[in-house]
Amino acid sequence: MSETSNAPSSGSVVPTPLTQAPGAGRACRAVGFDRTGGPEVLIRRDLVQPEPGPGEVAVRVAYAGVNFVEVLQRRGAVPVPALPFVPGLEVSGHVAAVGPGIVDLPVGTAVAAFTIVGGYAELVNVPAARVFPLVGAAAGMSLEAAAAAVTIGTSAVAMLTELARVGPRSVVVVSAAAGGAGAAIAAVARHLGVSVLIGTVGSADKVQVARAHGYDIVVPHAELATAVHRATGGRGADVVLDSVGGQVFEAGLAALAPRGRLVKFGSAAGRTESLPSPMALALANVAVMGWSSIDLALAAPEIIAPATEKALALVTDGSLVIPVQEVFDLSDAAKAHRLLEGRRTTGKLLLLAGQA
Ligand SMILES: NC(=O)c1ccc[n+]([C@@H]2O[C@H](COP(=O)([O-])OP(=O)(O)OC[C@H]3O[C@@H](n4cnc5c(N)ncnc54)[C@H](OP(=O)(O)O)[C@@H]3O)[C@@H](O)[C@H]2O)c1
């Protein structure tokens, strides 16, 4: 299991995406890298996507979501299975073809999918267990909203409900509150009716952004402890969701009330935090949990699927609106990466790969 980031662990079996098959297949445009480095290593690749294998669905991509883990993969901070590599955790689009054994996904069906790899492309093959048809009540959902919700919507639902088990009296703290994940978590937390939602941000200009996402109190990362102390009269927070790491993780852990839960789901600032001993956690009556949608989607798609379905249902009924900050053409993936790693995201970034 990967430690704290949204990254496949070294032990995960990750399919190599979009190999340049000499035989039958469909030509498609993709963006990937054949060496790690800065955003400039993201280049166009003309590839042949093999026909979908047994249990697979070929998705004609409309939108691909851009995620922080893809920046880490591009930099070489998170290992990828092989080079050249086409990143891309999530997409929306239409079924282009199905492999043997798939009978319930007609060609042309609108879908959202947890690709895990290969999403920065016009076409990608995905195991059917990670493909979510946008039918029934979800039929009217925009493909833009669907792509935006797959990873961060799923993560917000799973972390707040299954892991942290928030309730109406919960005081919840979220780091990097102004970004894409911060926005999704705020929307789901509001839907669940949490009592107080505290967000932390890295710069003053993000305070208003996070407030607009739905946070009651927004403070600089360094003021997390003070904000929790003030908001709870010294009792502490029930839940902390941390994706920044380092001192923010440590402050979040120290700010927990007895029986509080910290969910670690990223390490944007690096994996520099020190972990307390299990006995120290016992004496403080707190728990530290981890969430990695990649690892879970790969290892046990049937476990993660209900959270994705719930997230898409919340998008359908209007409870989960994830602000899309900007849509780039697929060929401009490097621009999206610059925005994300430059800490300039105030919502979700998408790549337009084909017809929406
Ligand atoms: N485990 C999972 O399944 C999962 C799923 C989705 C997302 N995530 C994680 O959640 C986090 C948010 O994802 P996102 O795609 O929505 O990104 P985002 O929040 O829009 O952008 C990342 C934010 O992290 C903060 N940050 C702190 N230190 C940073 C540093 N040294 N470099 C860059 N950013 C830094 C910045 O906010 P401030 O300026 O406010 O500090 C930055 O805007 C990421 O860490 C991602 O890996 C995990």
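With an unreviewed UniProt entry as reference, the protein chain is termed Zinc-binding dehydrogenase, source organism Frankia umida.

Our focus in this paragraph is the site of the ligand. The immediate surroundings of the ligand are formed by 25 residues, with Lys 206, His 221, Ser 293, Arg 343 and Thr 345 found nearest. With respect to the ligand, the backbone of Gly 202 contributes an N or O atom lying 2.8 Å from an oxygen atom. Most atoms of the ligand, that is more than half of them, are within 2 Å of grid points of the largest pocket. Elements with a contribution of two residues or more to the shell around the ligand: helix H2 (143-163), helix H3 (180-192) and helix H10 (333-341). No other element matches the 3 residues that H2 contributes to the shell around the ligand. Of the residues belonging to the shell around the ligand, the class tally is 11 nonpolar, 11 polar and 3 charged.

Structurally, Ala 148 can be placed in helix H2. Residue Ala 148 is classed as buried on the basis of its relative accessible area of 0%. When the C-alpha positions of Ala 148 and Gly 180 are compared, they lie 8.7 Å apart, and in sequence the two are 32 residues distant. Once residues within four sequence positions are removed from consideration, Ala 148 is found in contact with Ile 322, Val 324, Lys 348 and Leu 350.

So, about the sheet that holds strand E8 (residues 171-175). Strands sit in the order E10-E9-E8-E11-E12-E13 across an open sheet of 6 strands; the sheet is parallel. Strands at the two margins of the open sheet, each flanked by one partner only, are strand E10 (217-220) and strand E13 (287-290). Sheet twist, expressed as the average angle between the axes of neighbouring strands with direction ignored, equals 20 degrees. As paired strands, strand E9 (residues 196-201) and E10 are joined by 4 bridges and run parallel to one another.

So, about the layout of surface pockets. Of the pockets and cavities examined, the largest pocket occupies roughly 890 Å³. If you trace the largest pocket, you find 45 residues lining it, with Phe 68, Ala 176, Ser 243, Ala 268 and Leu 340 closest to the centre. At the level of elements, helix H1 (68-75), H2, E8, H3, E9, H10 and strand E15 (348-352) are the ones that each hand at least two residues to the lining of the largest pocket. The element best represented in the lining of the largest pocket is H2, accounting for 5 residues. Residues belonging to the lining of the largest pocket are distributed by class as follows: 21 nonpolar, 19 polar and 5 charged.

This part covers the confidence of the model for the protein chain. The predicted model of the protein chain averages 93 in pLDDT, with 93% of residues at 70 or higher. Confidence drops under a pLDDT of 50 for residues 1-22, and excluding neighbours within four residues, the segment shows 69 contacts in the predicted structure.

Take the packing of H2 against H3 next. At a minimum axis distance of 9 Å, the contact between H2 and H3 shows a crossing angle of 45 degrees. Between H2 and H3, the angle is such that the two are oblique. By crossing handedness, the relation of H2 to H3 is classed as right-handed. Between H2, through Ile 152, Gly 153, Ala 156, Val 157, Met 159, Leu 160 and Thr 161, and H3, the contact on the second element is made entirely by Gly 180, Ala 181, Ala 184, Ile 185, Val 188, Ala 189 and Leu 192.

Let us look at the side chain of Arg 29. For Arg 29, the position within the fold is in strand E1 (residues 26-32). For Arg 29, a relative accessible area of 16% translates into the label buried. If we ignore the near neighbours within four places in the chain, the residues touching Arg 29 are Arg 44, Arg 45, Asp 46, Ala 121, Glu 122, Asp 329, Leu 330, Ser 331, Leu 352 and Ala 353.

The next point concerns the packing of H2 against helix H9 (residues 301-316). A pair of packed helices is characterised by two quantities: the angle between their axes and the separation of those axes. Two numbers describe how H2 lies on H9: the axes approach to 7 Å, and their chain directions differ by 115 degrees. Here the hand of the crossing between H2 and H9 comes out right-handed. Side by side, H2 and H9 meet where Ala 145, Ala 146, Ala 149, Gly 153, Thr 154, Val 157, Ala 158 and Glu 162 of the first sit next to Ile 304, Ala 307, Thr 308, Lys 310, Ala 311, Leu 312, Leu 314 and Val 315 of the second.

When you tally the buried positions in E1, you get 5 out of 7 residues, the bulk of the element. When E1 meets strand E2 (residues 43-49), the two strands line up antiparallel, connected through 7 bridges. Counterpart to Val 31 in the pairing with E2 is Arg 44.

Reading guide: rules and limits
Residues numbered from 1 in each chain as written. Predicted model: local features only at pLDDT ≥ 70, side-chain atom pairs only at ≥ 80, totals over all residues. Heavy atoms only, no water. Near = heavy atom within 4 Å. Polar contact = N/O pair within 3.5 Å; in protein donor to acceptor, adjacent residues only side chain to side chain. 1 Å grid on protein atoms, 1.4 Å probe; cavity = no way out; pocket = protein on both sides within 12 Å on 5 of 7 lines; lining within 4 Å. Sits in = over half its atoms within 2 Å of the grid points. Helix = DSSP H or I, 4+ residues; strand = E, 2+ residues; numbered from the N terminus. Nonpolar A, V, L, I, M, F, W, Y, C, P; charged D, E, K, R; others polar. Buried < 20%, exposed > 50% of the residue type's maximum accessible area, 1.4 Å probe, protein only. Contact = heavy atoms within 4.5 Å. Pairing = 2+ DSSP bridges. Axes fitted to C-alpha atoms, helices over the stretch in contact; angles between N-to-C directions. Points joined across faces, edges and corners; volume = space filled by probe spheres on them. pLDDT = per-residue confidence, 0-100. Parallel < 35°, antiparallel > 145°, perpendicular 65-115°, else oblique. Left-handed = near helix turned anticlockwise from the far one by under 90°.

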